[in-house]
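# Chains, contacts and geometry: an overview
Spelled out from the first residue to the last, the chains are:
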Amino acid sequence: MVSVPVAPSTQVKPALTKTAWQPVAWFGALLILCYAPILYRLGVQWATDEDMGHGFLVPIVAGFIVWQRRTRLAETPRRPNGWGLVLVIFAALGALAATLGAELFTARISFVIALVGAILYLGGTQWVKRLSFPILLLLFMIPIPAIIYAQLTLKLQTLAAELGETLIGWMGIPVLRAGNTLQLPSQTLDVAVACSGIRSLLSLGFLSLVYAYFTDKRVWMRWALLAATIPIAIGANGIRVAVTGWLSEINTSLAQGTYHEMEGYLVFVVALVALVIVHRLINWATKLKRA
(Lines give C-alpha, C1' and ligand atoms only; values in the text may rest on other atoms or scores of the structure.)
Protein backbone atom coordinates (compact mmCIF):
# COMPACT_ATOMS: atom_id res chain seq x y z
CA MET A 1 0.00 0.00 0.00
CA VAL A 2 1.49 3.25 -1.13
CA SER A 3 0.91 6.34 0.92
CA VAL A 4 0.44 9.50 -1.04
CA PRO A 5 1.76 12.62 0.71
CA VAL A 6 -0.91 15.14 1.28
CA ALA A 7 0.03 18.74 0.65
CA PRO A 8 -0.42 20.88 3.70
CA SER A 9 -3.52 22.95 3.62
CA THR A 10 -2.92 26.53 2.75
CA GLN A 11 -4.91 29.21 4.43
CA VAL A 12 -5.93 32.05 2.22
CA LYS A 13 -5.37 35.30 4.05
CA PRO A 14 -8.11 37.78 3.59
CA ALA A 15 -7.10 40.73 1.48
CA LEU A 16 -6.58 44.00 3.21
CA THR A 17 -9.48 46.36 3.09
CA LYS A 18 -8.68 48.93 0.43
CA THR A 19 -9.70 52.38 1.49
CA ALA A 20 -11.32 54.66 -1.04
CA TRP A 21 -8.96 57.61 -0.59
CA GLN A 22 -10.75 59.84 -3.10
CA PRO A 23 -13.57 60.92 -0.74
CA VAL A 24 -11.03 61.54 2.00
CA ALA A 25 -8.91 63.74 -0.29
CA TRP A 26 -11.91 65.68 -1.60
CA PHE A 27 -13.38 66.22 1.85
CA GLY A 28 -9.99 67.31 3.21
CA ALA A 29 -9.42 69.76 0.37
CA LEU A 30 -12.91 71.19 0.84
CA LEU A 31 -12.32 71.57 4.57
CA ILE A 32 -9.05 73.45 4.04
CA LEU A 33 -10.68 75.65 1.41
CA CYS A 34 -13.55 76.60 3.73
CA TYR A 35 -11.18 77.40 6.59
CA ALA A 36 -8.51 79.06 4.41
CA PRO A 37 -9.00 82.60 5.83
CA ILE A 38 -8.80 81.30 9.41
CA LEU A 39 -5.76 79.12 8.66
CA TYR A 40 -4.04 82.00 6.84
CA ARG A 41 -4.35 84.33 9.83
CA LEU A 42 -3.15 81.49 12.04
CA GLY A 43 -0.05 81.09 9.88
CA VAL A 44 0.61 84.83 10.08
CA GLN A 45 0.57 84.62 13.87
CA TRP A 46 3.03 81.72 13.79
CA ALA A 47 5.39 83.90 11.76
CA THR A 48 5.05 87.00 13.95
CA ASP A 49 4.42 85.67 17.47
CA GLU A 50 7.57 84.31 19.11
CA ASP A 51 5.47 82.24 21.51
CA MET A 52 4.03 80.29 18.55
CA GLY A 53 7.17 79.69 16.51
CA HIS A 54 6.65 75.94 16.87
CA GLY A 55 3.27 76.22 15.13
CA PHE A 56 4.77 75.51 11.69
CA LEU A 57 6.12 72.17 12.92
CA VAL A 58 2.84 70.92 14.37
CA PRO A 59 0.93 70.10 11.15
CA ILE A 60 4.12 68.70 9.57
CA VAL A 61 4.74 66.29 12.45
CA ALA A 62 1.06 65.37 12.71
CA GLY A 63 0.93 64.71 8.96
CA PHE A 64 4.06 62.55 9.14
CA ILE A 65 2.52 60.44 11.90
CA VAL A 66 -0.63 59.97 9.82
CA TRP A 67 1.56 58.91 6.89
CA GLN A 68 3.28 56.37 9.12
CA ARG A 69 -0.10 54.92 10.04
CA ARG A 70 -1.41 54.74 6.48
CA THR A 71 -1.10 50.93 6.36
CA ARG A 72 -3.04 50.48 9.58
CA LEU A 73 -5.68 52.86 8.27
CA ALA A 74 -5.93 50.84 5.06
CA GLU A 75 -6.53 47.74 7.16
CA THR A 76 -9.24 49.45 9.17
CA PRO A 77 -12.71 49.00 7.65
CA ARG A 78 -14.54 52.22 6.94
CA ARG A 79 -17.80 52.51 8.85
CA PRO A 80 -19.09 56.04 8.13
CA ASN A 81 -20.87 57.65 11.06
CA GLY A 82 -23.57 60.25 10.39
CA TRP A 83 -22.77 62.04 13.65
CA GLY A 84 -19.55 63.15 12.03
CA LEU A 85 -21.48 65.29 9.57
CA VAL A 86 -23.40 66.81 12.48
CA LEU A 87 -20.07 67.64 14.11
CA VAL A 88 -18.82 69.29 10.91
CA ILE A 89 -21.96 71.45 10.70
CA PHE A 90 -21.63 72.37 14.39
CA ALA A 91 -17.99 73.39 13.84
CA ALA A 92 -18.94 75.47 10.79
CA LEU A 93 -21.60 77.35 12.73
CA GLY A 94 -19.12 77.92 15.54
CA ALA A 95 -16.53 79.25 13.10
CA LEU A 96 -19.09 81.59 11.55
CA ALA A 97 -20.19 82.96 14.93
CA ALA A 98 -16.58 83.31 16.10
CA THR A 99 -15.59 85.14 12.92
CA LEU A 100 -18.45 87.60 13.28
CA GLY A 101 -17.53 88.13 16.93
CA ALA A 102 -13.76 88.32 16.26
CA GLU A 103 -13.15 85.39 18.63
CA LEU A 104 -10.00 83.84 17.20
CA PHE A 105 -9.62 80.86 19.52
CA THR A 106 -13.13 79.50 18.86
CA ALA A 107 -12.73 79.98 15.11
CA ARG A 108 -9.44 78.09 15.10
CA ILE A 109 -10.51 75.27 17.40
CA SER A 110 -13.55 74.76 15.18
CA PHE A 111 -11.19 73.62 12.42
CA VAL A 112 -9.93 70.76 14.58
CA ILE A 113 -13.51 69.88 15.54
CA ALA A 114 -14.52 69.87 11.87
CA LEU A 115 -11.54 67.66 11.07
CA VAL A 116 -12.61 65.14 13.72
CA GLY A 117 -16.14 65.26 12.33
CA ALA A 118 -14.89 64.63 8.79
CA ILE A 119 -12.84 61.63 9.90
CA LEU A 120 -15.79 60.26 11.85
CA TYR A 121 -18.15 60.74 8.91
CA LEU A 122 -15.82 59.15 6.35
CA GLY A 123 -14.11 56.43 8.38
CA GLY A 124 -15.98 55.89 11.63
CA THR A 125 -14.96 55.69 15.26
CA GLN A 126 -12.03 53.33 14.63
CA TRP A 127 -10.46 55.86 12.30
CA VAL A 128 -10.85 58.58 14.90
CA LYS A 129 -9.25 56.31 17.48
CA ARG A 130 -6.25 55.52 15.28
CA LEU A 131 -5.74 59.21 14.48
CA SER A 132 -6.41 60.54 17.98
CA PHE A 133 -2.75 61.31 18.74
CA PRO A 134 -1.96 63.42 15.64
CA ILE A 135 -5.29 65.20 16.16
CA LEU A 136 -4.24 65.95 19.74
CA LEU A 137 -0.97 67.41 18.48
CA LEU A 138 -2.89 69.85 16.28
CA LEU A 139 -4.12 71.61 19.42
CA PHE A 140 -0.57 72.88 19.98
CA MET A 141 -0.76 74.94 16.79
CA ILE A 142 -3.56 77.05 18.24
CA PRO A 143 -2.59 79.94 20.56
CA ILE A 144 -4.31 79.80 23.93
CA PRO A 145 -7.10 82.35 24.63
CA ALA A 146 -5.93 85.85 25.54
CA ILE A 147 -7.57 85.80 28.99
CA ILE A 148 -5.91 82.51 29.96
CA TYR A 149 -2.65 83.69 28.40
CA ALA A 150 -2.59 86.86 30.54
CA GLN A 151 -3.29 84.98 33.77
CA LEU A 152 -0.78 82.26 32.97
CA THR A 153 2.03 84.61 32.03
CA LEU A 154 1.50 86.67 35.18
CA LYS A 155 1.88 83.59 37.38
CA LEU A 156 4.90 82.40 35.40
CA GLN A 157 6.52 85.83 35.69
CA THR A 158 6.09 85.74 39.46
CA LEU A 159 7.49 82.20 39.71
CA ALA A 160 10.48 83.10 37.53
CA ALA A 161 11.21 86.20 39.61
CA GLU A 162 10.95 84.28 42.90
CA LEU A 163 13.13 81.43 41.69
CA GLY A 164 15.61 83.85 40.13
CA GLU A 165 15.82 85.77 43.40
CA THR A 166 16.59 82.58 45.31
CA LEU A 167 19.27 81.39 42.88
CA ILE A 168 20.92 84.80 42.67
CA GLY A 169 20.99 84.93 46.46
CA TRP A 170 22.72 81.54 46.52
CA MET A 171 25.41 83.03 44.27
CA GLY A 172 26.16 85.55 46.97
CA ILE A 173 24.82 88.51 44.99
CA PRO A 174 22.62 90.96 46.92
CA VAL A 175 19.15 91.05 45.40
CA LEU A 176 15.85 92.63 46.33
CA ARG A 177 12.62 91.60 44.66
CA ALA A 178 9.59 93.84 44.26
CA GLY A 179 6.90 91.95 42.35
CA ASN A 180 8.48 90.90 39.04
CA THR A 181 11.41 93.30 39.38
CA LEU A 182 14.82 92.29 40.75
CA GLN A 183 17.05 95.06 42.12
CA LEU A 184 20.74 94.14 41.77
CA PRO A 185 23.82 96.19 42.67
CA SER A 186 24.56 96.90 38.99
CA GLN A 187 21.08 97.35 37.55
CA THR A 188 17.39 96.52 37.79
CA LEU A 189 16.05 93.40 36.03
CA ASP A 190 12.43 93.29 35.00
CA VAL A 191 10.95 89.84 34.33
CA ALA A 192 8.78 90.86 31.39
CA VAL A 193 6.07 88.86 29.62
CA ALA A 194 8.62 87.66 27.06
CA CYS A 195 10.70 86.26 29.92
CA SER A 196 7.77 84.53 31.64
CA GLY A 197 8.64 81.15 30.13
CA ILE A 198 5.32 80.67 28.36
CA ARG A 199 7.16 80.24 25.07
CA SER A 200 9.36 77.42 26.34
CA LEU A 201 6.41 75.82 28.14
CA LEU A 202 4.31 75.57 24.97
CA SER A 203 7.18 74.42 22.76
CA LEU A 204 8.47 71.98 25.36
CA GLY A 205 5.00 70.51 25.85
CA PHE A 206 4.69 69.81 22.12
CA LEU A 207 8.19 68.38 21.87
CA SER A 208 7.65 66.16 24.92
CA LEU A 209 4.73 64.40 23.22
CA VAL A 210 6.63 64.01 19.96
CA TYR A 211 9.72 62.73 21.76
CA ALA A 212 7.70 60.22 23.77
CA TYR A 213 5.87 59.03 20.65
CA PHE A 214 9.05 58.24 18.72
CA THR A 215 11.08 56.84 21.63
CA ASP A 216 8.55 55.06 23.84
CA LYS A 217 5.50 53.02 22.86
CA ARG A 218 3.77 53.37 26.23
CA VAL A 219 0.92 55.85 26.00
CA TRP A 220 1.09 56.79 29.68
CA MET A 221 4.70 57.91 29.18
CA ARG A 222 3.51 60.69 26.86
CA TRP A 223 1.30 62.12 29.58
CA ALA A 224 4.03 61.69 32.22
CA LEU A 225 6.56 63.64 30.15
CA LEU A 226 3.96 66.26 29.25
CA ALA A 227 3.29 66.81 32.97
CA ALA A 228 7.05 66.94 33.62
CA THR A 229 7.44 69.86 31.19
CA ILE A 230 5.69 72.20 33.65
CA PRO A 231 8.31 72.07 36.45
CA ILE A 232 11.11 71.75 33.89
CA ALA A 233 10.03 74.90 32.02
CA ILE A 234 9.55 76.85 35.26
CA GLY A 235 12.92 75.73 36.60
CA ALA A 236 14.71 76.46 33.33
CA ASN A 237 13.24 79.95 33.17
CA GLY A 238 14.25 80.62 36.77
CA ILE A 239 17.78 79.56 35.86
CA ARG A 240 17.70 81.94 32.90
CA VAL A 241 16.75 84.84 35.15
CA ALA A 242 19.50 83.90 37.61
CA VAL A 243 22.13 83.59 34.87
CA THR A 244 21.04 86.95 33.46
CA GLY A 245 21.44 88.52 36.89
CA TRP A 246 24.86 86.93 37.37
CA LEU A 247 26.08 88.07 33.94
CA SER A 248 24.79 91.58 34.53
CA GLU A 249 27.11 91.82 37.50
CA ILE A 250 30.03 90.97 35.22
CA ASN A 251 28.94 93.23 32.36
CA THR A 252 25.54 94.85 32.03
CA SER A 253 25.59 94.43 28.23
CA LEU A 254 25.56 90.64 28.68
CA ALA A 255 22.01 90.86 30.03
CA GLN A 256 20.66 92.62 26.96
CA GLY A 257 20.16 92.17 23.24
CA THR A 258 21.71 89.24 21.43
CA TYR A 259 23.39 87.84 24.52
CA HIS A 260 20.06 87.68 26.32
CA GLU A 261 18.44 85.90 23.37
CA MET A 262 21.28 83.38 23.24
CA GLU A 263 20.77 82.66 26.93
CA GLY A 264 17.15 81.81 26.16
CA TYR A 265 18.11 79.30 23.46
CA LEU A 266 20.79 77.70 25.64
CA VAL A 267 18.41 77.35 28.57
CA PHE A 268 15.82 75.76 26.27
CA VAL A 269 18.41 73.19 25.21
CA VAL A 270 19.05 72.52 28.89
CA ALA A 271 15.31 72.00 29.37
CA LEU A 272 15.28 69.46 26.51
CA VAL A 273 18.19 67.60 28.09
CA ALA A 274 16.33 67.64 31.42
CA LEU A 275 13.31 66.12 29.67
CA VAL A 276 15.43 63.26 28.33
CA ILE A 277 16.92 62.73 31.79
CA VAL A 278 13.43 62.57 33.34
CA HIS A 279 12.47 59.96 30.75
CA ARG A 280 15.51 57.88 31.64
CA LEU A 281 14.77 58.19 35.34
CA ILE A 282 11.17 57.07 34.86
CA ASN A 283 12.38 54.05 32.86
CA TRP A 284 14.93 53.24 35.55
CA ALA A 285 12.32 53.51 38.33
CA THR A 286 9.90 51.33 36.34
CA LYS A 287 12.51 48.59 35.82
CA LEU A 288 13.52 48.81 39.47
CA LYS A 289 9.92 48.34 40.55
CA ARG A 290 9.49 45.28 38.34
CA ALA A 291 12.70 43.67 39.62
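Only a predicted model underlies this, so the values are computations on that prediction, with no experimental measurement involved. (Residues numbered from 1 in each chain as written. Predicted model: local features only at pLDDT ≥ 70, side-chain atom pairs only at ≥ 80, totals over all residues. Heavy atoms only, no water.)

## Section: the sheet that holds strand 3 (residues 188-190)
Strands belonging to one sheet form pairs held by backbone hydrogen bonds; the direction of such a pair is parallel or antiparallel. The strand order 1-2-3 describes an open sheet built from 3 strands, whose pairing is antiparallel. If you trace the sheet from one side to the other, it starts and ends with strand 1 (176-178) and strand 3, each paired once. Pairwise comparison of adjacent strand axes, ignoring direction, gives a mean angle of 20° for this sheet. Across the sheet, helix 9 (residues 146-170) lies against strand 1 and strand 2 (181-183), angled at about 20° from strand 2, the strand it touches most. (Pairing = 2+ DSSP bridges. Helix = DSSP H or I, 4+ residues; strand = E, 2+ residues; numbered from the N terminus. Axes fitted to C-alpha atoms, helices over the stretch in contact; angles between N-to-C directions. Contact = heavy atoms within 4.5 Å.)

## A look at helix 5 (residues 82-100)
Over its 19 residues, helix 5 extends 28 Å from the first C-alpha to the last, a length consistent with the 27 Å expected when each residue adds 1.5 Å. Regarding helix 5, the residues found buried are Gly-84, Val-88, Ala-91, Ala-95 and Ala-98. Seen along its axis, helix 5 keeps its buried residues to an arc of 95°; they face one direction. Along helix 5, the residues that are exposed and aim more than 90 degrees away from the buried face are Trp-83, Phe-90, Leu-93, Leu-96 and Leu-100. (Expected span 1.5 Å × (residues − 1). Buried < 20%, exposed > 50% of the residue type's maximum accessible area, 1.4 Å probe, protein only. Arc of directions from axis to C-beta.)

## Brief notes about the packing of helix 9 against helix 11 (residues 219-250)
Where helix 9 meets helix 11, the axes come as close as 8 Å, and the angle between the chain directions of the two elements is 55°. Relative to helix 11, the element helix 9 lies oblique. Where helix 9 crosses over helix 11, the handedness of that crossing is right-handed. The residues of helix 11 that touch helix 9, namely those facing Leu-156, Leu-159, Ala-160, Leu-163, Gly-164, Leu-167 and Ile-168, are Ile-234, Gly-235, Asn-237, Gly-238, Ile-239, Val-241, Ala-242 and Gly-245. The residue inventory of the contact of helix 9 with helix 11, partitioned by class, reads 10 nonpolar, 5 polar and no charged. (Parallel < 35°, antiparallel > 145°, perpendicular 65-115°, else oblique. Left-handed = near helix turned anticlockwise from the far one by under 90°. Nonpolar A, V, L, I, M, F, W, Y, C, P; charged D, E, K, R; others polar.)

This is a description of form; function is not addressed.
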